[in-house]
Amino acid sequence: MSDGASATGDLRDTSLDGPTLNVRLSRVWGTPRGLLGALTTVDHKIIGRRYIVTAFLFLFLGGITALVMRLQLAQPESGLVGPDTYNQLFTMHGSTMMFLFGVPIGEAMAVYLVPLMVGTRNIAFPRLNAFSYWVYLSGGLFLWISFLLNIGPDVGWFAYVPLSGPEYSPGKRADVWAQMITFTELSGLAVAIEIIVTVLKQRAPGMTLDRVPLFVWALFVNSFIIIFALPAVMIASTFLILDRLVGTHLFNPAEGGDALLYQHLFWFFGHPEVYIIFLPGTAFVSAIIPTFARREIFGYLALVLSLIATGFLSFGLWVHHMFVTGLPQLGAAFFTASSMLIAIPNGLQIFCWIATLWDGRPVWRTPLLFVAGFFFIFVAGGLSGIMLASVPIDTQVHDTYFVVAHFHYVLIGGNVFPLLGAIYYWFPKFTGRLLSERLGRWNFWLAFIGFNVAFFPMHISGLMGMPRRVYTYGPEMGWGDLQLLSTAGALLLFASFVLFVWNVAASLRRGDVAGPNPWNAGTLEWATASPPPPHNFNRIPLVTHREPLWAERGGLPVVTGLSVSHRELMVSSVAEAEPQLRETSPAPSIWPLVAAIAVGATFIGSIFTPYAVLWGALPVAAALTGWFWPKAMPEDEE
Amino acid sequence: MAGLTVATGVVVLVLTGLSYAGQRRLLGEEAAPVTIRVIGHQWWWEVQYEDPQPSRGFTTANEIHVPVGVPVQVKLESTDVIHSFWVPSLMGKQDLIPGRPSAIRFTAERPGVYRGQCAEFCGMQHAKMGLLVIAEEQADFARWRDGQVAPRPEPASDEARAGEAAFVAAPCSMCHQVRGTAAAGRNGPELTHVGSRRTLAAGTLPTSRGNLAAWIVDPHGIKPGVNMPLVKLDSDQLNSISAYLAGLK
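Definitions and cut-offs
- Residues numbered from 1 in each chain as written.
- Chains lettered and ligands numbered in written order.
- Predicted model: local features only at pLDDT ≥ 70, side-chain atom pairs only at ≥ 80, totals over all residues.
- Heavy atoms only, no water.
- Pairing = 2+ DSSP bridges.
- Helix = DSSP H or I, 4+ residues; strand = E, 2+ residues; numbered from the N terminus.
- Axes fitted to C-alpha atoms, helices over the stretch in contact; angles between N-to-C directions.
- Core = buried A, V, L, I, M, F, W, Y, C linked by side-chain atoms within 4.5 Å.
- Buried < 20%, exposed > 50% of the residue type's maximum accessible area, 1.4 Å probe, protein only.
- Contact = heavy atoms within 4.5 Å.
- Domains from an automatic or database assignment.
- Salt bridge = Lys/Arg side-chain N within 4 Å of Asp/Glu carboxyl O.
- Parallel < 35°, antiparallel > 145°, perpendicular 65-115°, else oblique.
- Left-handed = near helix turned anticlockwise from the far one by under 90°.
- UniProt positions renumbered as here; feature names shortened; annotations may be inferred.
- Phe/Tyr/Trp six-rings, centres within 6.5 Å; stacked < 30°, edge-to-face > 60°.
- Lys NZ or Arg CZ within 6 Å of the ring centre and 35° of its normal.

### Description of the sheet that holds strand E10 (residues 130–136) of chain B
All names here are of chain B.
Phase 1 of the analysis: Strand order in the open sheet formed by three strands is E4-E10-E9, and the pairing between neighbours is mixed. If you trace the sheet from one side to the other, it starts and ends with strand E4 (63–67) and strand E9 (112–117), each paired once. On average, each strand axis in the sheet is inclined to that of its neighbour by 25 degrees, with strand direction left out of account.
Phase 2 of the analysis: As defined by bridge partners, E4 adjoins E10 across five bridges and the pair is classed as parallel. Counted as the bridge partner of Ile64 is Val133 from E10.

### Things to note about the pairing of strand E4 (residues 579–584) of chain A
Residue and element names in this part refer to chain A.
Phase 1 of the analysis: With five bridges joining them, strand E3 (residues 568–572) and E4 adopt antiparallel strand pairing. When the bridges of E4 are listed, Val571 appears paired with Leu581.
Phase 2 of the analysis: The turn joining E3 and E4, which pair antiparallel and follow one another in sequence, is formed by six residues; a positive phi near 55 degrees is taken by Ala577.

### Focus: the nonpolar core
Phase 1 of the analysis: Judged by nonpolar contacts, the single largest core of 231 residues is most densely connected at Phe215 and Trp426 of chain A together with Phe85 of chain B.
Phase 2 of the analysis: With sequence-adjacent residues up to four places away left out, Trp426 of chain A is seen in contact with Met109, Leu113, Met117, Phe215, Phe284, Ala287, Glu525 and Trp526 of chain A.
Phase 3 of the analysis: The next biggest cluster of nonpolar side chains, apart from the first, holds 22 residues, and it includes Ala170, Val178, Trp215 and Leu238 of chain B.

### Focus on the domain arrangement of chain B
Residues and elements named next belong to chain B.
Phase 1 of the analysis: Looking at the assigned domains, one finds that chain B contains domain 1 (34–149) and domain 2 (158–246).
Phase 2 of the analysis: Relative to domain 2, the C-alpha centre of domain 1 lies at a distance of 22 Å.
Phase 3 of the analysis: With 22 residues of domain 1 at the interface, the matching set in domain 2 holds 21 residues.
Phase 4 of the analysis: The interface formed by domain 1 and domain 2 contains one salt bridge.
Phase 5 of the analysis: The salt bridge involving Glu46 is made with Arg186; its shortest N-O contact spans 3.6 Å.

### A look at the pattern of salt bridges
Phase 1 of the analysis: By the definition in use, this model includes 25 salt bridges over all chains.
Phase 2 of the analysis: Among the ionic pairs, Glu437 of chain A bridges to Arg365 of chain A, the shortest N-O distance being 3.3 Å. A residue pair is termed long-range when its members are at least 10 positions apart, and Glu437 of chain A in helix H15 (residues 437–463) and Arg365 of chain A in the loop between helix H11 (343–359) and helix H12 (366–388) qualify at 72 residues.
Phase 3 of the analysis: Under the relative-accessibility criterion, Arg365 of chain A is labelled partly exposed at 31%.
Phase 4 of the analysis: For Asp399 of chain A, the salt bridge goes to Arg469 of chain A, with nearest N and O atoms at 3.3 Å. Within this pair, whereas Asp399 of chain A is found in the loop between helix H13 (391–397) and helix H14 (401–431), its partner Arg469 of chain A is found in the loop between H15 and helix H16 (480–510), the two being separated by 70 residues in sequence.
Phase 5 of the analysis: Among the charged side chains, a network of salt bridges with common partners joins Asp399, Arg468 and Arg469 of chain A together with Glu120 of chain B.

### Quick notes on the sheet that holds strand E2 (residues 44–49) of chain B
Residues and elements named next belong to chain B.
Phase 1 of the analysis: With respect to topology, five strands assemble into an open sheet ordered E3-E2-E1-E5-E8, the strand pairing being mixed. One side of each edge strand has no neighbouring strand; the edge strands of this open sheet are strand E3 (58–61) and strand E8 (102–107). With strand direction ignored, the average angle separating the axes of adjacent strands in the sheet is 25 degrees.
Phase 2 of the analysis: Across seven bridges, strand E1 (residues 34–41) lies against strand E5 (residues 71–78) in parallel orientation. Bridge assignment links Val38 to a residue of E5, and that residue is Leu76.
Phase 3 of the analysis: Sheet contacts for helix H2 (residues 138–149): E2 and E3; angle to E3, the most-contacted strand, approximately 100 degrees.

### Overview of the environment of Phe312 of chain A
Phase 1 of the analysis: Residue placement: Phe312 of chain A occurs in helix H9 (residues 300–313).
Phase 2 of the analysis: The spacing of Phe312 of chain A and Thr431 of chain A is 119 residues in sequence and 37 Å in space, taken between C-alpha atoms.

### Here's the deal with the packing of helix H3 (residues 44–73) of chain A against helix H5 (residues 126–148) of chain A
All names here are of chain A.
Phase 1 of the analysis: Across the interface, H3 lies against H5 with an axial gap of 10 Å and an inter-helix angle of 20 degrees. Comparing their axes, H5 and H3 come out roughly parallel. Two packed elements cross with a definite hand, and for H3 against H5 that hand is left-handed. Of the residues in H5, those touching H3 at His44, Ile47, Arg50, Tyr51, Thr54, Ala55, Phe58, Leu61, Gly62 and Thr65 are Pro126, Asn129, Ala130, Ser132, Tyr133, Trp134, Tyr136, Leu137, Gly140, Leu141 and Trp144.

### Considering the UniProt feature "domain: Cytochrome oxidase subunit I profile" (unreviewed entry) in chain A
Phase 1 of the analysis: Here the UniProt feature "domain: Cytochrome oxidase subunit I profile" (unreviewed entry) sits at residues 23–544 of chain A.
Phase 2 of the analysis: Here residues 23–544 of chain A runs as 69% helix and 0% strand, with 28 Å between its end C-alpha atoms.

### Side note on the packing of aromatic side chains
Phase 1 of the analysis: Applying the stated criterion to the full structure yields 68 aromatic pairs over all chains.
Phase 2 of the analysis: Arranged with centres 5.5 Å apart and planes meeting at 45 degrees, the rings of Phe374 of chain A and Phe375 of chain A form a pair that is tilted. Of the two residues, Phe374 of chain A and Phe375 of chain A, both sit in the buried class.
Phase 3 of the analysis: Note that Arg546 of chain A overlies the ring of Tyr300 of chain A, its terminal NZ or CZ placed 3.6 Å from the centroid.
Phase 4 of the analysis: Sitting over the face of the ring of Trp86 of chain B, Lys93 of chain B holds its NZ or CZ atom 3.9 Å from the ring centroid.

### Digging into the pairing of E2 of chain B
Residue and element names in this part refer to chain B.
Phase 1 of the analysis: Counted residue by residue, E2 has six buried out of six residues, so it is predominantly covered.
Phase 2 of the analysis: Because side chains alternate across E2, one face comprises the buried residues Trp44, Glu46 and Gln48, and the other comprises Trp45, Val47 and Tyr49, equally buried.
Phase 3 of the analysis: Note that E1 and E2 share six bridges and pair antiparallel. Its bridge partner lying in E2, Ile36 is registered against Tyr49.
Phase 4 of the analysis: Between the end of E1 and the start of E2, which pair antiparallel, lie two residues.
Phase 5 of the analysis: When E2 meets E3, the two strands line up antiparallel, connected through four bridges. Counterpart to Glu46 in the pairing with E3 is Ala61.

### Topic: the UniProt feature "domain: Cytochrome c" (unreviewed entry) in chain B
Phase 1 of the analysis: The positions that UniProt labels "domain: Cytochrome c" (unreviewed entry) are, in the present scheme, residues 158–249 of chain B.
Phase 2 of the analysis: Counting secondary structure, residues 158–249 of chain B comes out at 45% helix and 4% strand; the distance between its end C-alpha atoms is 17 Å.

So, in structure tokens, the structure goes:
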């Protein structure tokens, strides 16, 4: 690789240096200006940024639906919204948070950061990456535009049959839900494949498996969970559409179908989904802690094994969502045991993180504050989770506000708090400017207090017998005061997000300039400029240590030999990351967008007529033909 | 390290064992002296008391009476979507799934009125699908049961007689049953002794003549989305029907 100029005459980075190299590479890897450039880009940083911004947009929309629900429940017999609207609101809230925010946000951060952290120039399959974003965006817009047109779903984010079936949900509402699943799961699967291939085959030389950053490990394991879990829900939603649209009876007990089959399919996805949301949270925590503890992570191997164990165990718990469906009791007890077992790898991770902080010299900046908030909230949610694993307890609190409290503790604690910390942490890398530390502290305390005031009382509401998904309740039930308190907390939590947006908007213009490594962190994304140039690194770093920037204070060693006249990156071996090949990386293309439009039109058409699948196949085939039309690759010419 | 692993395993097994023991006690399936079938509908509960003598069985709605200290077996079915039967102070919940009959047992230890509610989202009026369980002494229970087995009491006044005639002639009788009259519909709650029940419309309103009239006049205002249609009645019919129903003790 590093044997100097090649015999074929193309220009390699070996013969250039400094600013000249940077300019050449930026020109080769850059995205053209203007609308066409924006629509054709395959740069993982531009697409990752869009992914992150879009996921946050959906987080806000989901938050607003939550706020309206909280205002409705603030007092008994409130008439702010009726049952019809309320049922749509909680369906939109759950669907948006799970499918349009929860899954995509982890992948969005991965799309931006994983290629930088493993030291490569772009993600694997960059055009697929562009395609996945457009599909995700169309799915999200499809759901929300339907809602605004008053044909949005109203059957819950889980859409249980027979309620969502043809007999009890006439109209298109349930179809909109089912087809939104297809959109978002398609994009989720595409990104998962990109991440896996990037991690396995594009790591910088020397980044053996035991030097891979924990952030990357977490998102790598996460991608496998996605690949095995998402097909189950796509089957469930596709069967649902078949029942509704072409008159199959897969879930109709009157014709030999089975309503419970749907729940098994849904939760076989639905439980791993919780870990799909949580593992990116662990990724953020594992990246933030060493930087601010000023010490390497404690128990690297234990943490990696915990991630993998969580990945496997997450597929063995789904029945604990179905303890009251009348399944065989001994079978249910097996899932009690497996649900308690998963607390072990997760507890182990917490201990490793605490040990790292304990032994380090923690610097309490905003990202670390959010991590501390995560510890507190997530552990509380984990404890109520162990309670829920027991069948006798679950039969009482299942589908009550106790469960609502539990999963907001694990999901907001396990994902949103680390995510906010992560945004404070990587914002300088994304934009070149630091977020305001002062506003950050306000942001954290408002969020932490608001969250606990909103959700802690829900445990008690649930134990007092308040069921979920009720649009109102009688004053004689005695839940009014606690519900009012929850609403006050929700307002505080929302205010913290408004402050967050304010901080982002203000810091984009006036924030302190960050420089490449404002936190003195150790991983590779900090080895390049903030924001990084289109090609990420002038030269591919050579990795000798788990925290390369701490090990090589005098500057990273690099490898050379990649072309500077076309997009070329290095392919390395799976375990040892030994350089194997130089591989051309695709240039910008409009075809991913065209294909996404064709696929989206087919999906939307197919909720109206099955023939849309037939006719839609033609534009999809045409777009894919354009996309994959054989082109002469530079390496073919050699 | 090995010791730690074994200890962890033991803790998980012990907790699982304890949980399983509790579960067996709650969900056991031995026969019980009182057997009730509860059938879920959008958005009310059909309640059928079973008896070895078929003539001693009867149907009611949204209100269950049980004797104190006697195990009760509740068989659960649904005719439309999934519901979940839950009376928090008496028992955990159990789903009513179409095509999959299930059961739950409980024993009320103390007399009292216990409120229950559907616990699985079942559509527009999931929030207003309540029921009452009334636990009473054996003698009170037997008296209540005899009362429920009997056909409807004869209307006692002219107004009530006019009400019965109007009820049977109006579309009401297409969906509701009043044993002892020609009204034999089975789509809506059985009304033979509706005046003896404490609530209307699955726990939505306390039973009274005024509330009966209010419910008949505007079911969709009180419980939007409910399957009961608005039936056009003149004021005399409305008056007499609500008097009649209130008198069905």
